[in-house]
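The lines below spell out each chain.
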Amino acid sequence: MFRNHGKSSLLAYEHTIPVVATKHFVAREHIKSANIGHMGPNFKEHFLDRVEEDIPAVNLVVRRLSRSLTDDIIRGELARLKENQNIFLAHFFQILKCQADGQSGLLIADKNIAYINYFWVIFAYWDLANRKWDVYANSMPSRISIGWGVGNKVFSQGIKVY
């Protein structure tokens, strides 16, 4: 059972979505099926060949930024809501695959944000001209001074209640 999602004036709750367990995941093997066009240099260097093993099925929480926020504020708010800030790269790719052709769904054309480990933020946006997802990675805290815009989506992991 998952707890009720707390209210936040900064991160508006939108959805909870289940993502499946995966035994083995390497991003390079899913670029085509997720319809990834451009990849930033940090993503290529640190995530393209990264291996994730024995990834559990979880529920991801989708929240929308109610105002422009920096990573430190977003992460602090997710912690206050008792949601796990970090998700698996495999789960982020599962979401991208659901909208691989640009169809409507949970993702938005602008930034879709996920925190991987405690040191990286991954973000994707739809390249309308090329009809593909562009994916980037920034090490933390590189975006703290820049921030994310109103309406951007952030993905976290729901917390089980035992």
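Now for a quick tour of the structure.

### Focus on the overall build of the protein
Move 1: Along the protein, the regular secondary structure elements total three helices and nine strands.
Move 2: Its helices and strands in sequence order give the protein the pattern β-β-β-α-β-β-α-α-β-β-β-β, from N to C terminus.
Move 3: At 15 Å, the protein has a C-alpha radius of gyration in line with the 15 Å of a compact globule built from 162 residues.
Move 4: Principal-axis analysis of the C-alpha atoms places the extent of the protein at approximately 35 × 35 × 30 Å.
Move 5: Burial statistics for the protein: of 162 residues in total, 51% are counted as buried.
Move 6: Of the contacts made within the protein by residues no fewer than 6 positions apart, 77% connect residues no fewer than 24 positions apart.

### Points about the sheet that holds strand E6 (residues 112-116)
Move 1: Ordered by their spatial adjacency, seven strands build an open sheet running E1-E5-E9-E6-E7-E8-E3, and the pairing between neighbours is mixed. Only two strands of the sheet have a single neighbouring strand rather than two, namely strand E1 (11-19) and strand E3 (36-39). Neighbouring strand axes in the sheet, compared pairwise and without regard to direction, differ in orientation by 30° on average.

### Quick notes on the environment of Ile95
Move 1: Tracing the sequence through the fold places Ile95 in helix H3 (residues 89-98).
Move 2: Looking at Ile95, the relative accessible area reads 5%, which means it is buried.
Move 3: Ile95 sits 59 residues away from Val154 along the chain, and the two C-alpha atoms are 12 Å apart.
Move 4: With residues up to four places along the chain from it excluded, the contact list for Ile95 reads Ile17, Leu60, Leu107 and Phe155.

### Quick look at the packing of aromatic side chains
Move 1: Counted under the stated rule, the structure contains nine aromatic pairs.
Move 2: When the centroid spacing of 5.5 Å and the interplanar angle of 90° are considered together, the rings of Phe47 and Trp120 count as edge-to-face. On the criterion of sequence distance, the pair formed by Phe47 in the loop between helix H1 (41-46) and strand E4 (51-55) and Trp120 in strand E7 (residues 120-127) is long-range, its members being 73 residues apart. The burial state of Phe47 is the same as that of Trp120; both residues are buried.
Move 3: The rings of Phe25, Phe43, Phe47, Phe93 and Trp120 are connected pair by pair, giving a single aromatic cluster.
Move 4: The ring of Tyr125 carries the charged tip of Lys111 above its face, separated from the ring centre by 5.4 Å.

Conventions adopted
Residues numbered from 1 in each chain as written. Predicted model: local features only at pLDDT ≥ 70, side-chain atom pairs only at ≥ 80, totals over all residues. Heavy atoms only, no water. Helix = DSSP H or I, 4+ residues; strand = E, 2+ residues; numbered from the N terminus. Rg over C-alpha atoms; globule rule 2.2 N^0.38 Å. Buried < 20%, exposed > 50% of the residue type's maximum accessible area, 1.4 Å probe, protein only. Contact = heavy atoms within 4.5 Å. Pairing = 2+ DSSP bridges. Axes fitted to C-alpha atoms, helices over the stretch in contact; angles between N-to-C directions. Phe/Tyr/Trp six-rings, centres within 6.5 Å; stacked < 30°, edge-to-face > 60°. Lys NZ or Arg CZ within 6 Å of the ring centre and 35° of its normal.

Note that all results are geometric; they support no functional claim without further evidence.
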